[in-house]
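Each chain, written out:
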Amino acid sequence: MLTVRSLRVLASMILALTALSAAGQQEQTLEGVVVRNRLYQPAGNLELSPSVGVSMLTYLTAHYTLNLGVAYNLFDTFAVEGRAGYAFSRQTGLARSISESFLNRDDKRITDELEDLWRMNLHGVVGLRWAPVYGKLSLMAEVPTHFQAYLWAGGGVGSFQRQSLIQCTNVVNRGLGVCDDRSDPLDRSTATENFWVKESRVAPVLSAAVGFRFFAFERHGVKFELRDWVFRDAFRVALSRDDWEAGRDTGTPAPSPGLTHLVQFDIGYTFLF
């Protein structure tokens, strides 16, 4: 026999199920409206995306990247994209200060190279873009802004160059740390050539990103993303100063050099064909 407490519990369960059912129907309705009101259906279309990027963290190197992406949208949420570009790179002021102060240190006859000195130049990657989130922002009543949030992952190849901070093959002035042909010993900008040991290579590179694409008009949009370029580091350890200043190879490759992460903030334009 049902008690008053049992009836109350049963009534509460019925009310809860009714509320959940109504909420589910409302969510399906809203989702359907958002999908139906997409500003543009990207599935089956090509897109072109030029972008520029700057380094988020600059310790020993800094990069400024120009990229061009071409993508094909398999679905509204999935696309295959190829990206190619060039990174204008340089050593930072901190790196130059380290190299100049190192030359006049007699206690560093045997030493190791520094990590994370490779600078990326030409590069190309292919990856997948997954955009599971689609929405609309009413920033202005007349021009609603549609957006996608996405994840990107892929890999490819890049060219890299490295300039040593310790190996100078022609010490011009040890006291001032001069390893170049500057005309003014106190002004490094007067130099046209330096004598630090340089290396170059071509190596695999991985890339991953998270970003947003905003569309205020059909087929045109802007994107903002945080992108990580990952490649294997390589440097030498146990180098002899007498050997490198005589122009001889020295040291051995580091057994576990680790990975270098080049994290950049990118801003770009997207055109959907």
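Structure report, in brief. Just so we're clear, the structure is a prediction, and the values are computed from it rather than from any experiment.

Attention now moves to the side chain of Ser207. Along the polypeptide, Ser207 turns up in strand 7 (residues 196-217). At 2.8 Å, the side chain of Ser207 forms a polar contact with the side chain of Arg227. The contacts of Ser207, once residues within four sequence positions are left out, are Trp152, Ala153, Gly154, Arg227, Asp228 and Trp229.

Moving on, we come to the pattern of salt bridges. Per the counting criterion, the structure on display carries 13 salt bridges. In this structure, Arg109 engages Asp242 in a salt bridge whose closest nitrogen and oxygen atoms are separated by 2.6 Å. Pair noted here: Arg109 is in the loop between helix 2 (93-102) and strand 4 (110-111) and Asp242 is in helix 3 (residues 241-245), with a separation of 133 residues, a long-range link. Judged by relative accessible area, Asp242 falls into the partly exposed class, the value being 47%. We note a salt bridge from Glu113 to Arg162, for which the minimum N-O separation is 3.7 Å. Separated by 49 residues along the polypeptide, Glu113 in the loop between strand 4 and strand 5 (119-137) and Arg162 in strand 6 (residues 145-168) bring together distant segments of the chain. Arg162 shares its class with Glu113; the two are buried. A network of salt bridges, in which partner residues are shared, links Arg83, Glu225, Arg227 and Asp266.

Further remarks concern the environment of Thr260. Within the secondary structure, Thr260 sits in strand 12 (residues 259-272). For Thr260, a relative accessible area of 8% puts it in the buried group. Each C-alpha atom, one on Thr260 and one on Ala234, is 9.4 Å from the other, the two residues being 26 residues apart in sequence.

A separate point is helix 2. Among all positions in helix 2, only Ala95, Ser99, Glu100 and Phe102 are buried. Considered in projection along helix 2, the buried side chains sweep an arc of 165° and stay on one side of the axis. Contacts made by the buried residues of helix 2 are with strand 3 (78-91), strand 4, strand 6, strand 7 and helix 3.

As a further point, take the packing of aromatic side chains. This structure, assessed with the given rule, holds 10 aromatic pairs. An angle of 35° between the planes, with centres 6.4 Å apart, marks the rings of Phe102 and Trp244 as tilted. Remark: Trp244 occurs in helix 3 and Phe102 occurs in helix 2; sequence separation between them is 142 residues. The pair Phe102 / Trp244 is uniform in exposure class, with both members buried. Ring centres of Phe212 and Phe214 lie 6.2 Å apart, and the angle between their planes is 25°; this geometry places the pair in the stacked category. Looking at Phe212, the relative accessible area reads 39%, which means it is partly exposed. Across the ring face of Trp118, the terminal group of Arg201 is positioned such that the distance to the ring centre comes to 4.4 Å. The ring of Phe160 has Arg201 sitting right over it, with the charged end atom 5.4 Å from the ring centre.

What counts, and at which threshold
- In this numbering scheme, every chain counts its residues from 1 along its sequence in written order.
- A pLDDT threshold of at least 70 governs which residues receive local features in this predicted model, and a stricter bar of 80 or more applies before side-chain atom pairs are shown or counted, although totals over entire chains, interfaces and linings include all residues.
- Heavy atoms throughout the structure, all of them, feed into the side-chain values; hydrogens and water do not.
- Helical segments are the DSSP runs of H or I of at least four residues, strand segments are the runs of E of at least two, and each set is numbered from the N terminus.
- The definition of a polar contact used here is a pair of N or O atoms within 3.5 Å, where within protein one atom must be able to donate a hydrogen and the other to accept one, and adjacent residues in sequence count solely through side-chain atom pairs.
- Residues are treated as being in contact if the distance between any of their heavy atoms lies within 4.5 Å.
- Any carboxyl oxygen of Asp or Glu that lies within 4 Å of a side-chain nitrogen of Lys or Arg is treated as forming a salt bridge with it.
- The cut-offs for exposure are 20% and 50% of the maximum accessible area for each residue type, with area from a 1.4 Å probe on protein chains only; residues under the lower value are buried, those over the upper are exposed, and the others partly exposed.
- Here the arc refers to the set of directions running from the helix axis out to each C-beta atom.
- Pairing of aromatic side chains here covers Phe, Tyr and the six-membered ring of Trp, requires ring centres within 6.5 Å, and sorts the geometry by plane angle: under 30 degrees stacked, over 60 edge-to-face, intermediate tilted.
- We count a charge as sitting over a ring when the NZ of a lysine or the CZ of an arginine lies within 6 Å of the ring centre and within 35 degrees of the ring normal.

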